[in-house]
Each structure stands twice: as C-alpha cells, then as structure tokens.
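Descriptive analysis of the structure
One-letter residues, chain by chain:
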Amino acid sequence: MSHPDPVLDCRGQRCPLPVIALARRLPELPVGSVLRVLADDPAAANDLPAWCRLRGHRFLGSPAPDAYEIRRTH
Amino acid sequence: MSYRQWVGSAEFTGNLASYFDAATAAPLHPVARQALTAALADGWADPAKLYAPARRARQLKQAATEAVAAALRVRPDEVWFTASGTAAVQAAIAGVLPAQRPDVAPPALVHSAIEHSAVLHTAQRHRLAGGEVVPVPVDRLGRVDLAAWRAAVAGPGVGLAALLSASHEVGTRQPVAEAAVACAAAGVPLLVDAAQSLGRAPVPDGWSMLAGSARKWGGPPGAGVLVVRTGVGWSPPEPLPGGEPGLPVVVAAAAALRAATGEAAAEAARLAPLVDRIRATVAATVPDVEVVGDPVDRLPHLVTFSCLYVDGEALLHALDRRGFAVSSGSSCTSSTLRPSHVLTAMGVLSHGNVRVSLHRGTTSDQVDRFLAELPGLVAELRAEVAW
C-alpha cells in the first residue's frame, strides 16, 4: 500500500451523518481518488451508494464489513 | 382531557386538519360511523347462538359479507373476515402452507422483496419451520422484476407466491396480472396483499387470495378481509390468527368498503393531481431531494420522497409540530433502527424520508400549506447540522 486511500471514520454515527461527512470530504480530494468510508449504521450500506448515484460519483463497493469505497469522478 | 371527559364527548380530539397518513389508517368514513352505531345497537349478540337476537346478528353478518363480495366482485362464500389486514395475510399463508410433517420438505414461499411486514414476518416463521423462502427483487421504481418472478414461481416445490397490489411505501403499482399468469402457468396460488388498493383503485384479476385492511379504506380498526377463490387449496387455520373480529366492526368495515369503492374513481381523479402537485413542487422547491416510486403507474393517493442530509425522525417531528402527520421509512423512525426494507430493495435514499398519503378529507389547501412549509423546515434542519 504505497498510496493508502484516505479514510473517513464515521463509526458510531447514525444516518444521515455519514452521508453528510462524505459529501463534505469527497470534494476536498482530487478527482479520481478513492475515499474509504467506515460506517456501522445499517442505513449506510444503502445510503452511501444512493448518494453516489444521485451525485454522479462511483460507488466501488464494500471491501470489508462496515467499510465502503467511493471514487470522486468529477 | 381525561378519559372520562373523552368518553363523554365521543369526538376525535386530535388535529385532522393535515392528516397525511391514510396509508397507515384513514379517518373513519361517515358511513362506517353510522353502520358501527347501528350494529352496536342491533348486532351485539353472538351470531352463532340459536335465539332471536343471534339471528339478527347473523343477518347483519350475512349482509356485510354480501356487501364486501359485491364490492370485490366475488362470491359471498369466498369472503372471510379477520381481526386485521395482518391477520388476513397470516391466515392466507397458514391456510396454504400449514405446519408440515418433519419428514417432508415444506413447500417454498415466493414473495416480492417489498411486501408488507405482515408477509415478511410470516415468511420468516416459515423459514424457521424449515420452509424455503424466495424473495424476488424490484427495480429502482419499486416494481417487481417480472423475469425473476417467473423464474421463482416456476422453481421446484413452490407452494405459494405473494405480491402486493401496490407498494404501501412508495405507491408503485405491481404487475399483478402478469404475475398471476406466471403463477397460473406454474400451478402456484397467488396471494395479493391489496391493503393499499381496496376502496381506492381496481385490482387486476387472476389472484387466488386477496387480503385487505379495513382501517386503510375508511373502516374501523380491528377488521381485515381475506378472499379465497373457490378451488384454491386453502383450509381455514384453527384458530384463525388474531381471532374473530367483532360483528359491529365487520358491519362498519363492509359499509365503508362499499362506500369507498363507489367513490374510488372520483376520489382518485381528485387526489392523483394533488399527488402530482406534491411530486413536482417538492422536486422544484426542496434542494437535494429524491422523489421515489413510479411517477405515473402508481396509487392515486400516496407519494414518497427523501431529503438528503436530513434526519427523518427530526423532519417527522418538525412536521408534526406544524400539524402535519406523515410517515417515514428512515431507520431512525423504526423500532429496529434499520431503514425500510422497501427503500433499500429499491436502492433509493432512506434517510430524510417522508411518505404522504391522502384521503377523502384531504383538501387542496392542506396540500398547499404543506408544500409552503416544507422547504423552510428542511432548510432549518440542514442548518442545524451546518450543511
């Protein structure tokens, strides 16, 4: 892991807080970069990809429990 | 107001001015109120007994049965009254998929992923009893995937399939006729949970069993109806889930269904444009909102939307303080703290979710007042989280 992805730790937060944190953090990163979001609220598994769809970013999936990867596309 | 004062006044003391949760329970239809009062005076005896007041009660029950049969265009001997819509669904499933012998694999139950919890909870019990349960996915608009449905009902050992007539959470109508054709081809009985359609919109033919809930069509709470077509392999479960409903409630439920069915076309023509107005205005005046469900092929009285970056529970309370009663599929409003299985099956936003469902007492002015207040309330809640 020479270029570790930035991590947004939202564990312990309930929706919509992880989505709000994602919407704030992602635009700070360069286009094309991947943000790893840690969230244990059950709604995050649904609402993080839904946000990506609404905002036109790329939801890459959940590589581990309570972890989600999102690519800034624009 | 004390209980004693309330009993003395016998009037609803809450605010009905902007009650937008008819999909949970509609206000009592005036015809149902009259029928309930009359049946309490005339139909209190046990209809199973062998004396004059019992015969009168039996007559009332027969009349109620015939009224429901006429409204649903079925035979009176196909109509069963239950204690609720949930009890109707439970009776339907238990009567087709009874507890099996331990050495025989129980038949499988196919259902859409967006059924009411009444179906899902019964399916869960079926699974725990060793039965196979096959959920069928829906698309982004909340419509069942017909190709997956056809494959599922044609699978081995399927004993029953369940599909709701239209989504109780997002209003999208389901392809009941096509689903019924697939079931008939596979020889699988089809249960249609029509709780959101009865008294409001026609239900396509082809089903084997139909379930509904009186309080959703303007009848009193405490009554459901189950229709089982002649020839379906169903036996009434003993005891009936939830027990027998009281006769006065059944009489009032039947009167309300007859009245609501008669008014349904006119009410749909009045309410559908109000729903259109909500869909268009919310999308135009509330930033970052997703209006969900099919915009056209939907129930006439129900609309759902989700507001990004807003806590659904906070929005529900803010609306309640302004006199608007709505429902929400957001996780924070549920007892399990999990988001609505309907919204997640569709893959749409679940937080900041609001369901508005209208009824015969809803006016255009009420809707306009809601639409005027909503953008400000959403903006206030977003400001609280510094969005």
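Just so it is clear, the structure is predicted and the values come from calculations on it, not from any experiment. Counting restarts for each chain: residues are numbered from 1 in the order of the written sequence. Just so you know, chain letters begin at A and ligand numbers begin at 1, following the order they were written in. At least 70 in pLDDT is required for a residue's local features to be given in this predicted model, at least 80 for side-chain atom pairs to be given and counted, and no such filter applies to totals for whole chains, interfaces and linings, which use all residues.

**A look at the pairing of strand β3 (residues 58–64) of chain A**
Strand pairing is defined by DSSP finding a minimum of two bridges between the two strands. Every helix listed is a DSSP run of H or I at least four residues long, and every strand listed is a run of E at least two residues long, numbered separately from the N terminus. Of the pairings in the sheet, the one linking β3(A) to strand β4 (residues 67–71) of chain A comprises 4 bridges and is antiparallel in character. Residue pairing in the sheet places A:Arg58 in a bridge with A:Arg71 of β4(A).

**Side note on the pairing of strand β3 (residues 133–136) of chain B**
Residue and element names in this part refer to chain B. In terms of strand pairing, strand β2 (residues 108–112) meets β3 through 4 bridges, oriented parallel. Bridging across to β3, Ser-112 finds its partner in Val-136. Crossover handedness is defined by viewing with both strands directed away from the observer: a clockwise path from the first strand over the helix to the second marks the crossover as right-handed. Taken together, β2, helix α5 (residues 117–128) and β3 form a β-α-β motif whose crossover is right-handed.

**Some remarks on unusual backbone geometry**
A:Cys15 connects to A:Pro16 through a cis peptide bond whose omega is 15°. Looking at where A:Pro16 falls in the secondary structure, it is placed in the loop between β1 (7–9) and α1 (17–25). Following B:Glu238, the chain continues to B:Pro239 via a peptide bond in cis, the omega torsion being -5°. By the element assignment, B:Pro239 lies in the loop between β7 (224–228) and α8 (247–285). If you check the backbone angles, B:Asp288 has positive phi at about 55° while not being a glycine. As for its position among the elements, B:Asp288 is in the loop between α8 and β8 (289–292). Any residue with 12 or fewer other C-beta atoms within 10 Å of its own C-beta is exposed, any with 20 or more is buried, and the rest are partly exposed; the C-beta atoms used are placed from the backbone. When the 18 C-beta atoms within 10 Å are taken as the criterion, B:Asp288 is described as partly exposed.

**A look at the environment of B:Glu373**
All names here are of chain B. Position of Glu-373 relative to the elements: it lies in helix α11 (residues 364–384). Look at Glu-373 and you get partly exposed, because 16 C-beta atoms sit within 10 Å. In the structure, Glu-373 is positioned 54 residues away from Leu-319 in sequence and 8.6 Å away in space, judged by C-alpha atoms.

**What to know about the domain arrangement of chain B**
All names here are of chain B. Parsing chain B into structural domains produces domain 1 (30–260) and domain 2 (264–384). Once you take the C-alpha centre of each, domain 1 and domain 2 turn out to be 27 Å apart. Whether two residues are in contact is decided by their C-beta atoms, placed from the backbone, lying within 7 Å. Facing the 21 residues of domain 1 at the interface are 23 residues of domain 2. Counted by class, the side of domain 1 that touches domain 2 contains 9 nonpolar, 7 polar and 5 charged residues. Just so you know, the domain bounds were taken from an automatic or database domain assignment. Gly is placed with the polar residues, together with every amino acid not listed as nonpolar (Ala, Val, Leu, Ile, Met, Phe, Trp, Tyr, Cys and Pro) or charged (Asp, Glu, Lys and Arg).

**Some words on α1(A)**
Helical periodicity: at 3.6 residues per turn, an α-helix aligns residues three or four positions apart in one direction. Among all positions of α1(A), only A:Pro18, A:Val19, A:Ile20 and A:Leu22 are buried. Buried-residue contacts for α1(A) involve β1, β2 (34–38), α2 (44–55) and β4 of chain A.

**Focus: the interface of chain B and chain A**
If you look at the interface, chain B gives 17 residues, while chain A gives 13 residues. Along the lines of polarity and charge, the residues of the side of chain B that touches chain A split into 8 nonpolar, 6 polar and 3 charged.

**A word on helix α2 (residues 30–42) of chain B**
Residues and elements named next belong to chain B. Multiply 1.5 Å by the residue count of a helix minus one, and that product is the helix's expected span. The terminal C-alpha atoms of α2, which comprises 13 residues, lie 18 Å apart, in line with the 18 Å expected from a rise of 1.5 Å per residue. Burial in α2 covers these residues: Ala-32, Ala-35, Leu-36 and Ala-39. For α2, the angular spread of buried residues about the axis comes to 105°, placing them on one side. Exposed side of α2, more than 90 degrees from the buried face: Gln-34, Thr-37 and Ala-41 are the residues found there. Each element contacted by the buried residues of α2 is listed here: α3 (52–72) and α8. Arc, as used here, means the arc of the directions from the helix axis to the C-beta atoms.

**Focus: the sheet that holds β8(B)**
Residue and element names in this part refer to chain B. A sheet is described by the order of its strands in space; here 3 strands give the open sequence β8-β9-β10, paired in antiparallel fashion. The sheet is open, and its two borders are formed by β8 and β10 (353–357), each paired with just one other strand. On average, each strand axis in the sheet is tilted by 20° relative to the strand beside it, whichever way the strands run. Between N-to-C directions, angles span 0 to 180 degrees; the directions come from axes that are lines fitted to C-alpha atoms, helices contributing only their stretch in contact.

**What about the packing of helix α6 (residues 146–153) of chain B against helix α7 (residues 176–186) of chain B?**
Residue and element names in this part refer to chain B. Two numbers describe how α6 lies on α7: the axes approach to 9 Å, and their chain directions differ by 20°. The angle between α6 and α7 falls in the class roughly parallel. As α6 packs across α7, the resulting crossing turns out to be right-handed. Together, Leu-146, Trp-149, Arg-150 and Val-153 of α6 and Glu-178, Ala-179, Ala-182, Cys-183 and Ala-186 of α7 make up the contact between the two elements. In terms of residue class, the contact of α6 with α7 is made up of 7 nonpolar, no polar and 2 charged. Any angle that is under 35 degrees is reported as roughly parallel, and any over 145 degrees as roughly antiparallel; angles of 65 to 115 degrees are reported as roughly perpendicular and all others as oblique. Take the far helix as your reference; a near helix turned counterclockwise from it by less than a right angle gives a left-handed crossing, and one turned clockwise gives a right-handed crossing.

**A closer look at the confidence of the model for chain B**
When pLDDT is averaged along chain B, the result is 94; 95% of the residues meet or exceed 70. The ipTM for the predicted assembly is 0.94, set against a pTM of 0.94. The pLDDT score gives, residue by residue, the confidence of the prediction method on a 0 to 100 scale.

**Here's the deal with the sheet that holds β4(A)**
All names here are of chain A. Pairing is mixed across the open sheet formed by 4 strands, whose spatial order is β1-β2-β4-β3. Edge positions in the open sheet fall to β1 and β3, since each of these has one partner strand only. Strand-to-strand twist of the sheet, defined as the mean angle between neighbouring strand axes without regard to direction, takes the value 25°. Its contacts with the sheet place α2 against β2, β3 and β4, and it is angled at close to 155° to β3.

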